[in-house]
Each structure stands twice: as structure tokens, then as C-alpha cells.
2 protein chains.
Amino acid sequence: METRQGIATKEALDLQSVDQDLVQKMVYDALVWSSLHGLVVGDRSVQRSGKVPGVGLVHAPFALLPVSFPESHFREACELAPIFNELVDRVSLDGKFLQESLSRTKKVDPFTSRLLDIHSKMLELNKKEDIRLGLHRSDYMLDEQTKSLLQIEVNTISSSFSGLSCLVSELHRSLLIHYGERLGLDSKKVPGNSAVIQFAEAMAKAWTEYNNARGGQVIAVVYFRAGYAPTDYPSESEWRARLLMEQSSAVKCPSISYHLAGTKKIQQELAKPNVLERFLDNKEDIAKVRKCFAGLWSLDDSENVSKAIENPELYVMKPQREGGGNNIYGEDVKETLLRLKKDGTDEDAAYILMQRIFPSVSLTFLMRDGICHKDHAISELGIYGAYLRIKEKVIMNEQSGYLMRTKVASSNEGGVAAGFAVLDSLYLT
Amino acid sequence: METRQGIATKEALDLQSVDQDLVQKMVYDALVWSSLHGLVVGDRSVQRSGKVPGVGLVHAPFALLPVSFPESHFREACELAPIFNELVDRVSLDGKFLQESLSRTKKVDPFTSRLLDIHSKMLELNKKEDIRLGLHRSDYMLDEQTKSLLQIEVNTISSSFSGLSCLVSELHRSLLIHYGERLGLDSKKVPGNSAVIQFAEAMAKAWTEYNNARGGQVIAVVYFRAGYAPTDYPSESEWRARLLMEQSSAVKCPSISYHLAGTKKIQQELAKPNVLERFLDNKEDIAKVRKCFAGLWSLDDSENVSKAIENPELYVMKPQREGGGNNIYGEDVKETLLRLKKDGTDEDAAYILMQRIFPSVSLTFLMRDGICHKDHAISELGIYGAYLRIKEKVIMNEQSGYLMRTKVASSNEGGVAAGFAVLDSLYLT
């Protein structure tokens, strides 16, 4: 596969030099630790797994040791969390901006179209969400050449792995407490991670606030663990349920507006000149956010489309769909762009074009199904953010832990569940 | 199967009346809880399970709700723990008693014979164990008719389930915190259980004491997680290893003397008149211990052998072997006794005869492989005890948590690992 990344293994630890016996000991301890602490997932190869809880479990895929990451860039990403929380909230309040930005997408993407229909209905009803709860995760990669932290996307629905990510941080700390001295690594350099506790706290606070106002006995908080992919709506019933929840007075996590504010098209719109300024007041905040934006273009930007056809390896084409596994890379970018150009239909509106980011490559021990693989890998940092607001009062707006995902450098897609990546944590350098 | 137990369902909770929807909710929550908290074991149906940690996991078999148990009897069992700890230690010091009591067993049981050989060598060397560490579990059943707590056996090697038992107590507390009100049960009536922490603490203390005296860099503590069954010694290498460990100055948990002190033959010898008095000084302690002894006889006790042939359902025949699955019940008792009588060999010395205990039967929800079965079941209470002594100084002598095991009333054998029982905790009444 096309990995243009330089093999610049610049980790604090030189894995090549680690004694094989020591690796085997750590592998064994890490696997035992996983079983004892709930760092487990369903094993697809076991028939009833995923249908009956507690059956067919296997350790979650994880990196044996945390990936090195510059402390300054980690802090930078953490500082962005409350700003993105606020940005999502502001964008969500601008119904016209959401509808207009997504108007072309609506024509070609039936899924986004259905979401926009619900959103329209809420606008017609002039429905206000007094209590707004956001549990987001903004994902970044560190570009090797420019040494800059660039945003991949922001997730405003079903931000996953808050639970397992905490466990992987704990696992790595535990391994470094035992083996750190022999590896020359300090367990304290793995940052604490309380994502799952902070998310639970935010939900509990939303519940309390709702009940304080209304006095209990109705559903207070609706959390969406699904609903972000077309396959989550196999029939009209699911769409009716989604509408019903949106119409209710319950706190939705996310509301339809938060959901739409997290789409890739909106990400691309926000990257246009002078758009951030419509939603954020603080100039420093705007500068920080802009700094982390990679190049993002719509497919009616003929200049950048031409550039992408010329150098497709420098671009990624992303459809609106979530869940990983749908991005277009390399020669496929060129072919798809040429086909869309030739067709001349509106289908181009279903995609955005993004600058391809080339993070540094490190040698990593990746654990899956009890087996340890050594391979060159790249990492993606997710920063969780929790936001709770009641009318004009911000109750909670914080960075809430992190998720590191590491994937083999020759694989393009980043989804852990999709089978290409492992859960990881970070080692500050 | 022959269950003479009266179906006297006297639990605090009438399971028959529990709403099916509520049961399904609890089942689901309990299974999820198990995955999240490490209440898992290897799944034999998955090929690599048990060979590679972290692979092929399934929730441990457990009872959905704790079994009712009278608080007075629980306290009685807890109070016995330090007395049995002391008793095992005293018996272990009497090499002649161990050798003589087991002399007939030695002739017919090659396994016990090998253990006695090692013990003899230590006696010849006049080897003293200055630091003695005992991690025991004494098992009891509550006899329905006499309302008395009767000892099944004391385990002095590989006392298992200290880890999982704590988790089951936690699981039951957690379920009762959520559902207790609807069930009319109070989570506080599930006693706290810190068996695994107390066992770890005892081992750590033994390690510290050993190193204080010697200054590190050698093996300080040898813990036996195996070595109690003939199959653990497939060749002479294992026996040589056992001897080597015994000869070393390391703290053995257990030493060969502690191991032998926990055999069924010694249990039966201790039950003879005036034997306890050789090892314990305190008259109250002696009375407490004697009170929990069931009827125990050797097979050269012709009076009781005749009684057992007449009423075999009132007796159990137990071989020296550990691990469950080897006891003889019912008509088989009669047949085996008659055969041994006819043969006239020493083979009878491989068994002891024990009064059969009939505990009360309760309706129970047993969970295995993600499936909930409702059945009549009986329970066995294990009380852990930790003991650490350095010469004349007792560093630790305490009751250290508990294990409840519940099995379907129609099954005679009690081993959880053998597939007949589930892990449980208790609800004090």
C-alpha cells in the first residue's frame, strides 16, 4: 500500500533492542491484566459473541507499549477540547448555516437528507434545547513534515472507546511500573485518563439538571450509541423513533443539531475563510482552531480537484458516512475524481477532499487474539470533550481524557473495530 | 440422583415470585458486569483458551443472587479460621504424627507415599521452617436437620477462587444496589470479601520477612498453584523439583508438612477422641473445632463400615485424591465397601468414610455460558484463612474472606471447575 511516511522511528524506546524474553514476559502479563480488568471485547469467531454478554470474550486489540508523543502537542490538543465543545454548540444553534452548508449534500446523500428533514421539522417547531449535552471526541494526527497537529475529524455522536481507552492507559502504566526500569521508561509519563468517569459524570449531571427542572418519572437523557450510520435505520420505524426522541423534551446526546455539526461537510465549511469568526469571539481561540485544520475542500473547488488528480497520494476523499472503512486513497482518488467530473452529476457533493496527513512511523508491538506482531505503525490521537450547558449557563466544558489508536502503516483505514488498528496510550516526550 | 434433602426453600427471597422481566434485566446486567470486572474464566470450547491468556474468555459460572445463610453460622465459621490456621501449624510440626497417621495410606496410595518420602527426608535432615505461610480454606455445609455447621475439608494447598469469590460478592452487592428495593433485599447484607487482597498481603509479608533476614536476590516464596494431584507429576522431574523446593530455604506455601496436614486422613485422625487436645491448648477452641466435625471414620472401623453398608445413603467415601469428582455416594458406597471387605487387601486405607451432610435446598438462578437456569441447589461455604509465623512470633492469623459455591441438588460433586457448581456469595439472615 502507499505509505509515503518516512521510516523515522523516533520513539523514546528503541524496540529493536528490547530483549525477546522481556517482550514475552510483558506480553503474558499484559494479556493476564486484560482478562482481570475488563480490557475485553466480543470475539467475532465465537458464534454467540456480541449477542449474549459475558460470552465469547477476547482481550481488546492493544499496543504492548505506549506510543511516544510530544508533550507540547498533547497539551495543544487538550487545550482545543473546550474550544471545539463551544464551537459545536454555537454551530448547532445556527440552523440556517447547517441547512445551507448541507444543501448540496442533501441532494445526493439520502442519509444526511433524512437527518436534515428531522432538523427542518425542529426548526419549524422553533424547538429549543435548553439543556445541551455534548460528549465529543476530536481526532488528530501529527504531521511528520510540518510537525503540526492536524485535525482528522470531530465526533459528536457515539464517541467510542472512552471505557477501553482508560484501561489501556492503566495497562501501560502497570507494565511500566513493573518493567519501566529495564526499558528505561517512566510510568508517570503515561498521562492519566479518566474519560469514562468524566463522560458518566456529564451524563449524570444532565440527568440531575433535567429532573431538578421537571421532577422525575420521565426519560431525562437519551444517549445514542447508534444512529450515525444508514444501517442503523433498516426501516421507517427507526426514523420515526429518531424523530420522536428529537421531539421529546429529554436531553439528547446528541441533538440532531449537534449530530449535523459533526459532519465532515460542516468541518470543511468551518475551514473556509471567515467562517470560524461567525461562531467564536476569542481571536486566540480562532487562531488555535485554525492552526489544527488540515486542507479541506469541497469537490466544486476545481483548483484543488485538479491538484488532487495530479497528485492523488497527497489527498484523501471522505464520504459523509461514519464508522471507518469508507475513505478513498491514492490512485482511487484520481479515478473517482475523474469519473465524477465526467458524470457531471451532483454526486460530488457526497464527498469532501482532504489533505492527506503523513504521521511519523514507529516500530510497535501490536497485540491481537493473544498474538504479538511487530510492525511499523502510525498513531491517531483522540481527545474527549464533555460539555453541558443549561440555557446561558455552562455547567461543564472540559477536556475529558484521550484515546490513542495505532494502526499498521500499510493500512489506510483507522477503525479499531474494523480490524486494522489497536488501542494505545501515549508516552509524553 | 439420590437427593434426600427436603425441598425446604427457606430463602429470604421467594424466587418463584420474581418477575421474569426483572430476572432478564438482572441477567443482562450481571453478564455485562462480569465482562467489565474480570469475572471471567477460560472457555473450554474455544481451542486456544487456557493456553494463551486473554483469549477464549467467558464469564465465570455464578449464581444470579446470593444464597441466604444464617449470620450466626457465618460468624461461627469465621471464628474457626484462626483456630484451624493454628491447628494446621501445630500438626505440621509433629512429623511423627503425620508419618504414623498416614502409614497405612502410604502402602496403597502411591501419591501420598511420594509426599511422605519427601517429608521423611526433611525429618532426617532435621529441617526447620522458620517462616511458615499458610493460605487455607476450610469448607463447610450447614446440615438441615441438626442446624449445625459441619466441616467438609480443609485445603492447605492451592486454596482456589480467592480472586473470583471477591468479584462475585461485589457483583451481588452491585445487583442489590440496583434491584434490591424491588426484591426486598439489602445490599449491605452481603458480607465484604477481600480474600484476594488478604492472601496477597500475607504473601508480600512473607516475602518481606524472608528478605529482611537474607537480603534479597534469591527466591523468597514458593506458591503452589499445582502439585496436589498425581497428574501434576507426569515424570520424575516434577518430583525432583518438589524435593528441591522443599530442601530450599524459601518459604513454601505450603511446606510438605502443611500439605500433609491438610489430607483427609489427617482430618479423620483429628476427629478421633483426645487427638485435638494434643495440638490445641485452649479448651474453648477445642470445643469449637470438635463441634464442626462431621462423623469421620477409617475403613478399619468395622462398626461404622457395617452401618454404612446398611444405610449407604448416609455416608460418603472419600479417597485421598484432591480436586473433586472422586467421591463415592449411595449404592456405590455399599458396593465398594463390600468389595474391599471381600478383597481383604490394604486398599481400604486409601479411603475415609464420612457422614453425609444434607444441607437445605434452595431455588437458585444458576448462570453458565450466558444462560440462566432455575434449579434446586445446595451451597457450600469456604472460609479463607491466612497465617504467617516467624519462629515463635505470629505475624498474621486471620479469617480472610469467603467463598460460596452452589450446585444443583441432584449433583453429588462440588467442584466449580469440574462443571457442576457455580460461584456464589451469601446473604446474611
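Residues numbered from 1 in each chain as written. Chains lettered and ligands numbered in written order. Predicted model: local features only at pLDDT ≥ 70, side-chain atom pairs only at ≥ 80, totals over all residues. Heavy atoms only, no water.

S.K.: Where do I start with the overall build of chain A in this structure?
M.R.: Helix and strand content of chain A: 14 helices and 17 strands. Computed over its C-alpha atoms, the radius of gyration of chain A comes to 22 Å, within 12% of the 22 Å expected for a compact globule of 429 residues. For chain A, the spread of C-alpha atoms along the principal axes amounts to about 65 × 60 × 50 Å. In chain A, which comprises 429 residues, the proportion classed as buried is 58%. Long-range contacts, defined here as pairs at least 24 residues apart, represent 72% of the contacts in chain A between residues at least 6 apart. Only carbon and sulfur atoms are counted for the fraction: they give 51% of the accessible area of chain A, which is about 18,700 Å². Taking the 52 positively charged and 57 negatively charged side chains of chain A as two groups, their mean positions are separated by 3 Å. (Helix = DSSP H or I, 4+ residues; strand = E, 2+ residues; numbered from the N terminus. Rg over C-alpha atoms; globule rule 2.2 N^0.38 Å. Buried < 20%, exposed > 50% of the residue type's maximum accessible area, 1.4 Å probe, protein only. Contact = heavy atoms within 4.5 Å. Areas by Shrake-Rupley, 256 points an atom, 1.4 Å probe, with all protein chains shown as cover. Lys, Arg positive; Asp, Glu negative; His and termini not counted. Charge placed at Lys NZ, Arg CZ, Asp CG, Glu CD.)

S.K.: Please clarify how the interface of chain B and chain A should be interpreted in this entry.
M.R.: A common way to report how large an interface is uses the accessible area buried once the components associate. Taken residue by residue, the interface counts 21 residues in chain B and 21 residues in chain A. Summing both partners gives a buried area of about 1,500 Å² for chain B against chain A, and 61% of it is carried by carbon and sulfur. Sorting the residues of chain B by area buried against chain A places Ser35, Pro53 and Leu57 of chain B first, and these three jointly supply 32% of that buried surface. Here chain B is connected to chain A by 0 salt bridges. On the surface where chain B and chain A come into contact, there are 7 residue pairs in polar contact (both at pLDDT 80 or more). Among the elements of the structure, helix H1 (20-37) and strand S2 (57-59) of chain B are those that each provide at least two residues to the side of chain B that touches chain A. (Buried area = accessible area lost by both parts, 1.4 Å probe. Salt bridge = Lys/Arg side-chain N within 4 Å of Asp/Glu carboxyl O. Polar contact = N/O pair within 3.5 Å; in protein donor to acceptor, adjacent residues only side chain to side chain.)

S.K.: Even after reading the chapter, I still don't get the relation of the copies chain B and chain A, so can you show me in this structure?
M.R.: Placing chain B over chain A gives an RMSD of 0.0 Å and needs a rotation angle of 180°, together with 0.0 Å of translation along the axis. Viewed as a symmetry operation, the transformation between the two copies matches a two-fold axis. When the interface residues of chain B are mapped onto chain A, 100% of them again lie at the interface, so the same face is used by both copies. (Least-squares fit on C-alpha atoms with pLDDT ≥ 70 in both.)

S.K.: Hey, could you run me through the packing of helix H5 (residues 110-124) of chain A against helix H8 (residues 236-247) of chain A in this one?
M.R.: Helix packing geometry: the angle between the two helix axes and the distance between the axes. Residue and element names in this part refer to chain A. Running from amino to carboxyl end, H5 crosses H8 at an angle of 35°, the nearest separation of the two axes being 10 Å. Remark: the crossing between H5 and H8 carries right-handed chirality. Only Glu236, Trp239, Arg242, Leu243, Glu246 and Gln247 of H8 make contact with H5, whose side of the interface consists of Phe111, Arg114, Leu115, Ile118, Lys121 and Met122. (Axes fitted to C-alpha atoms, helices over the stretch in contact; angles between N-to-C directions. Left-handed = near helix turned anticlockwise from the far one by under 90°.)

S.K.: Looking at this structure, I do not really get the packing of aromatic side chains. What am I missing?
M.R.: Applying the stated criterion across every chain yields a total of 16 aromatic pairs over all chains. Connected via pairs of aromatic rings, a cluster forms that spans Phe111, Tyr233 and Trp239 of chain A. Here the basic side chain of Arg242 of chain B rests over the ring of Phe224 of chain B, its NZ or CZ set 4.5 Å away from the ring centre. (Phe/Tyr/Trp six-rings, centres within 6.5 Å; stacked < 30°, edge-to-face > 60°. Lys NZ or Arg CZ within 6 Å of the ring centre and 35° of its normal.)

S.K.: Is there a simple way to think about the environment of Pro230 of chain A in this case?
M.R.: Residue and element names in this part refer to chain A. Inspection of the secondary structure assignment puts Pro230 in the loop between strand S7 (221-223) and H8. Owing to a relative accessible area of 35%, Pro230 belongs among the partly exposed residues under this scheme. It is 37 Å that separates the C-alpha atoms of Pro230 and Gln145, two residues lying 85 residues apart in sequence.

S.K.: What exactly am I supposed to notice about the pairing of strand S15 (residues 393-408) of chain A here?
M.R.: Both faces of the sheet carry side chains from a regular strand, because those side chains alternate between them. All names here are of chain A. Note that strand S14 (residues 371-390) and S15 share 13 bridges and pair antiparallel. The residue of S15 that forms the bridge with Ile383 is Tyr402. Taking the residues between adjacent antiparallel strands as the criterion, S14 and S15 are bridged by 2 residues, where Lys391 takes a positive phi near 50°. As judged from the 4 bridges shared by S15 and strand S16 (residues 421-424), these two strands associate in the antiparallel manner. (Pairing = 2+ DSSP bridges.)

S.K.: I would appreciate a short explanation of the sheet that holds strand S11 (residues 328-329) of chain B in the present structure.
M.R.: Pairing between the strands of a sheet comes from backbone hydrogen bonds, and it takes one of two forms, parallel or antiparallel. Pairing within the open sheet is antiparallel, and its 4 strands lie in the order S9-S12-S10-S11 (chain B). Each edge of the open sheet is held by one strand with a lone partner, namely strand S9 (296-298) and S11 of chain B.

S.K.: Which parts of the structure should I look at to understand the sheet that holds strand S10 (residues 315-319) of chain A?
M.R.: Taking strand neighbours across the sheet as the criterion, the 4 strands line up as S9-S12-S10-S11 (chain A) in an open arrangement whose pairing is antiparallel. Two strands bound the open sheet, and with one partner strand each, they are strand S9 (296-298) and strand S11 (328-329) of chain A.

S.K.: I'm lost on the pattern of salt bridges in this one. Help?
M.R.: Side chains that differ in sign of charge can pair as their charged atoms come close. Residues and elements named next belong to chain B. This model, assessed by the stated rule, comprises 62 salt bridges over all chains. The shortest N-O distance in the salt bridge between Asp348 and Arg104 comes to 2.8 Å. Highlighted residues: Asp348 in the loop between helix H14 (331-343) and strand S12 (351-355) and Arg104 in helix H4 (residues 103-108), separated in sequence by 244 residues. A salt bridge links Lys264 to Glu153; its shortest N-O distance comes to 3.5 Å. Of the two residues, Lys264 is situated in helix H10 (residues 264-270) and Glu153 in strand S6 (residues 148-155); the sequence distance between them amounts to 111 residues. In this structure Lys264 comes out as buried when scored by relative accessible area, which is 5%.

S.K.: Whenever I open this one, the side chain of His259 of chain B confuses me. Can you help?
M.R.: All names here are of chain B. For His259, the location among the structural elements is in helix H9 (residues 256-261). You can call His259 buried: its relative accessible area is 5%. Setting aside anything within four residues of it in sequence, one finds His259 in contact with Leu115, Thr156, Ile157, Gly227, Tyr228, Arg242 and Pro254.

S.K.: Sorry, what's going on with the nonpolar core here?
M.R.: One broad rule of soluble globular proteins: the nonpolar side chains tend to lie buried together. All names here are of chain A. Within the largest apolar cluster, 98 residues are counted, with the highest numbers of intra-cluster contacts made by Leu64 and Leu270. The element that contributes the greatest number of residues to this core is helix H2 (residues 71-93), accounting for 10 residues. Those residues in contact with Leu270, other than ones at most four positions away along the chain, are Leu87, Val91, Phe97, Val275, Leu276, Phe279 and Phe293. (Core = buried A, V, L, I, M, F, W, Y, C linked by side-chain atoms within 4.5 Å.)

S.K.: What is the right way to look at helix H13 (residues 302-310) of chain B in this model?
M.R.: Side chains of residues three or four places apart in an α-helix project in the same direction, reflecting 3.6 residues per turn. Residues and elements named next belong to chain B. Here H13 has its buried residues at Asn304, Val305, Ala308 and Ile309. Mapping the buried residues of H13 onto a view down its axis gives an arc of 145°, with all of them on the same face. Among the exposed residues of H13, those oriented more than 90 degrees off its buried face are Glu303 and Glu310. (Arc of directions from axis to C-beta.)

S.K.: Quick question: what am I supposed to make of the confidence of the model for chain A here?
M.R.: For any part of a model where pLDDT is low, the fine detail of the predicted coordinates should not be relied upon. Residues and elements named next belong to chain A. Scored by pLDDT, chain A comes out at a mean of 92, with 93% of its residues at no less than 70. When the criterion is pLDDT under 50, residues 1-11 qualifies, and its contacts beyond four places in sequence or with other chains add up to 30 contacts. Here the predicted complex carries an ipTM of 0.85, next to a pTM of 0.89. (pLDDT = per-residue confidence, 0-100.)

S.K.: What is the right way to read unusual backbone geometry from this model?
M.R.: Trans peptide bonds make up the majority, and among non-glycine residues the majority have a negative phi. With omega at 5°, the peptide bond leading from Cys253 of chain A into Pro254 of chain A counts as cis. Structurally, Pro254 of chain A is set in the loop between strand S8 (251-253) and helix H9 (256-261). Although it is not a glycine, Asn126 of chain B sits at a positive phi angle of roughly 55°.

S.K.: When you look at the packing of helix H6 (residues 162-183) of chain B against helix H7 (residues 195-214) of chain B in this model, what are you seeing that I'm missing?
M.R.: At a minimum axis distance of 7 Å, the contact between H6 of chain B and H7 of chain B shows a crossing angle of 145°. Contacts between H6 of chain B and H7 of chain B pair Ser162, Gly163, Ser165 and Cys166 of chain B from the former with Ala195, Val196 and Phe199 of chain B from the latter.

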